[in-house]
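Structural characterization, general
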Amino acid sequence: MKALISREPGGPDTLTMAELPEPVAATGELVVSVRAVGINFPDALIIEDKYQFKPPRPFAPGGEVSGVVEAVGPDVTGFEIGDRVFGLCGWNGMAERIAIPASRCVLAPDDMDFEQAAAFLMTYATAHYALKLRADLRAGETLLVLGASGGVGLAAVELGKRMGARVVAGVSTEAKGKAAREAGAHDILVYPADLVDKAQGKAFQAEIRAICGEAGPDVVFDPVGGPYAEPALRALGWSGRYLVIGFAAGIPSIPLNLVLLKSTQIVGVFWGAFTMRDPQANAALIADLLDHWKAGGLRPRISEVFALEQGSEAISRLLARQAIGKIVVTV
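Overview of the structure. (Residues numbered from 1 in each chain as written. Predicted model: local features only at pLDDT ≥ 70, side-chain atom pairs only at ≥ 80, totals over all residues. Heavy atoms only, no water.)

1. Details of the overall build of the protein
Check the secondary structure of the protein and you find 11 helices and 15 strands. For the protein, the C-alpha radius of gyration of 20 Å lies close to 20 Å, the compact-globule estimate for 331 residues. Judged by the C-alpha coordinates and their principal axes, the protein covers about 60 × 40 × 35 Å. Scored against the burial criterion, the 331 residues of the protein give a buried share of 53%. Across the protein, every contact between residues at least 6 apart in sequence was considered, and the portion connecting residues at least 24 apart equals 67%. Surface accessibility of the protein: about 13900 Å² in total, with carbon and sulfur atoms responsible for 53%. (Helix = DSSP H or I, 4+ residues; strand = E, 2+ residues; numbered from the N terminus. Rg over C-alpha atoms; globule rule 2.2 N^0.38 Å. Buried < 20%, exposed > 50% of the residue type's maximum accessible area, 1.4 Å probe, protein only. Contact = heavy atoms within 4.5 Å. Areas by Shrake-Rupley, 256 points an atom, 1.4 Å probe, with all protein chains shown as cover.)

2. A short note on the nonpolar core
Nonpolar side chains in soluble globular proteins generally cluster together in the buried interior. With 47 residues, the main nonpolar core has Phe86, Phe120, Leu143, Phe221, Leu243 and Trp271 as its most contacted residues. The set of elements that each furnish at least two residues to this core consists of strand S5 (84-88), helix H3 (121-134), strand S8 (142-145), helix H4 (151-162), strand S9 (166-171), strand S11 (219-222), helix H9 (271-277) and helix H10 (279-294). Ranked by the residues each element gives to this core, the list is headed by H3, at eight residues. The contact partners of Phe221, leaving out residues within four places of it in the chain, are Ala127, Ala130, Leu131, Leu143, Leu144, Val145, Leu146, Val152, Gly153, Ala156, Leu243 and Ile245. (Core = buried A, V, L, I, M, F, W, Y, C linked by side-chain atoms within 4.5 Å.)

3. Quick look at a nonpolar patch on the surface
Nonpolar side chains collect at one region of the surface, where Phe53, Phe270 and Met276 lie side by side and expose about 260 Å² of accessible area between them. Inspection of the secondary structure puts Met276 in helix H9. (Patch = residues over 30% accessible without salt bridge, like charges linked within 9 Å, V, L, I, M, F, W, Y side chains within 5 Å. Salt bridge = Lys/Arg side-chain N within 4 Å of Asp/Glu carboxyl O.)

4. Quick look at the environment of Glu64
Note on placement: Glu64 falls in strand S4 (residues 64-72). A relative accessible area of 1% places Glu64 in the buried class. Considered as a pair, Glu64 and Gly38 are 26 residues apart in the sequence and their alpha carbons are 5.6 Å apart. Beyond its immediate stretch of four places on either side in the chain, Glu64 contacts Ala36, Val37, Gly38, Asn40, Gly87, Cys89, Ala118, Ala119, Phe120, Leu121, Met122 and Lys326. Within the structure, the side chain of Glu64 is placed 3.0 Å from the side chain of Asn40, a separation counted as a polar contact. (Polar contact = N/O pair within 3.5 Å; in protein donor to acceptor, adjacent residues only side chain to side chain.)

5. Some words on unusual backbone geometry
Note that the residue after Arg57, namely Pro58, is joined by a cis bond; omega there is 0°. Tracing the backbone through its elements, the reader meets Pro58 in the loop between helix H1 (41-46) and S4. Even without being a glycine, Asn92 presents a positive backbone phi close to 75°. When you line up the elements, Asn92 lands in the loop between S5 and strand S6 (97-101). Within the chain, Ser263 stands out as a residue other than glycine whose phi angle is a positive 50°. Assignment of secondary structure puts Ser263 in the loop between helix H8 (257-261) and strand S13 (265-268). Given a relative accessible area of 38%, Ser263 falls into the partly exposed group.

6. Details of the pattern of salt bridges
The full count for this structure, using the stated rule, is 17 salt bridges. With a closest N to O distance of 2.6 Å, Glu64 and Lys326 form a salt bridge. Of this pair, Glu64 sits in strand S4 while Lys326 sits in strand S15 (residues 326-330), and the two are 262 residues apart along the sequence. Look at Lys326 and you get buried, because its relative accessible area is 3%. When salt bridges that share partners are traced, they join Asp136, Arg138, Glu141 and Arg241 into one network.

7. Focus: the pairing of strand S12 (residues 241-244)
Strand direction decides the pairing type here: S11 and S12, joined by four bridges, are parallel. Pairing of Val220 across the sheet is with Tyr242, part of S12. Assessed by its sense of winding, the connection that carries the chain from S11 through helix H7 (residues 229-235) to S12 is right-handed. (Pairing = 2+ DSSP bridges. Right-handed = clockwise from strand over helix to strand, strands pointing away.)

8. Section: the packing of aromatic side chains
Applying the stated criterion across every chain, the model contains 10 aromatic pairs. Ring centres 4.4 Å apart and planes at 20° place the aromatic pair Tyr129 and Phe274 in the stacked group. Here the residue Tyr129 occupies a position in helix H3, and Phe274 occupies one in helix H9, the gap between them amounting to 145 residues. Summarising the burial analysis for this pair, Tyr129 and Phe274 share the class buried. An angle of 70° between the planes, with centres 5.4 Å apart, marks the rings of Tyr191 and Phe204 as edge-to-face. Taken as a pair, Tyr191 in the loop between strand S10 (187-190) and helix H6 (198-212) and Phe204 in helix H6 lie far apart in primary sequence, 13 residues in all. Each member of the pair, Tyr191 as well as Phe204, carries the same accessibility label: buried. Taken together through their ring pairs, the aromatic side chains of Tyr51, Phe53, Trp91 and Phe270 make up a single cluster. (Phe/Tyr/Trp six-rings, centres within 6.5 Å; stacked < 30°, edge-to-face > 60°.)

Written as C-alpha cells, this is what we have:
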C-alpha cells in the first residue's frame with residue numbers, strides 16, 4: 001500500500017512516498033481504509049523526533065484519520081466491516097490503510113463526511129478537555145484564546161462560547177480575526193506576528209488588559225507559547241488558569257514568581273495521554289462533543305485539502321502558521 005513516510009529525522013521535505021506492507025488487524029484492532037487525515041502540529045514535531053513519542057522508522061505521520069472499516073480483529077465489539085469511523089492513531093495516518101486499536105475509534109455520525117471527521121477529534125477533544133476538565137471554565141468568565149484562528153484555537157472559541165464565557169480571540173491578522181469572530185468570539189485582539197523585544201511584550205500585555213478588563217482574563221488557552229506566553233501570563237487575573245496546549249512559536253521560559261504573586265495556575269493539557277489513562281472519562285467527553293455535533297453546533301473549518309502525495313506541503317503550510325482552521329489530507 002502507498003504511504004508518505006519518514007525514514008530519518010527532519011522537516012516535511014524529508015518525507016517520501018513508498019510502498020509499505022498491508023496492515024493486519026491484531027487482537028483489539030481494526031484495519032481502516034483511510035479516506036482523510038487531519039493535520040496537526042504534532043505531525044511536524046514527530047518527524048523531527050521532537051514529540052513525546054518517537055515511533056520506529058519508517059513510519060508515516062498523521063495522528064488522526066477517518067475512513068471505512070475493512071477488517072475487525074479478535075475481541076472487538078461495536079464495529080463491523082463497512083462502518084464509517086474516525087480515530088486517533090498518533091502516527092501512520094498518511095497511508096492507504098492503517099491498523100488502529102478499536103478503543104481509539106469512534107463511529108462517525110451519518111451527516112459527518114470524511115474530511116469533517118478527520119478534522120474533528122483532536123482539536124475539539126483537546127479544547128473540551130482543556131476548558132471543561134482542566135480549567136473548569138465557568139459561565140461569565142473571560143477566556144483569552146491565543147492562536148485563535150488555528151484548528152484547536154477555533155475549537156476553543158466555539159466551546160468557550162457554548163460554556164457561557166466571554167471569548168477574546170488573539171490572532172496575528174485581521175483575516176484570522178474574521179474567522180474567529182465567525183466562530184463566536186466576542187472580541188478580537190490582533191497581536192504582532194512576532195514579539196521581538198520586551199517593549200513589544202509589555203505592549204501586548206497592556207492590550208490584553210485593555211480588551212479583557214483591568215482584572216485580566218480568567219483563563220488563557222495557549223497553543224502558541226514562545227514570546228507570547230509570559231505577557232499573557234502577566235495579564236492573567238487573580239486565581240486565573242493558564243492552559244498550556246502547545247508551542248507553535250517555541251517553548252517559553254516562565255518566571256515562577258508570576259504564578260505565586262496572583263495565585264494563578266499553569267495547567268498542562270495533554271489530551272492524548274488522558275485518552276490512555278482514563279478511557280471512560282474520555283469516552284464521555286467525546287460523547288458530549290458528538291451531542292454538540294448532532295445539535296448542529298460544532299463544525300470544523302477546513303481551510304485547505306491536499307492529496308496524499310502533497311502531505312509534506314500540508315505540514316509545511318501548518319508550520320508557516322498560514323492555516324485558518326484545519327488542513328486535511330485526502331487518501
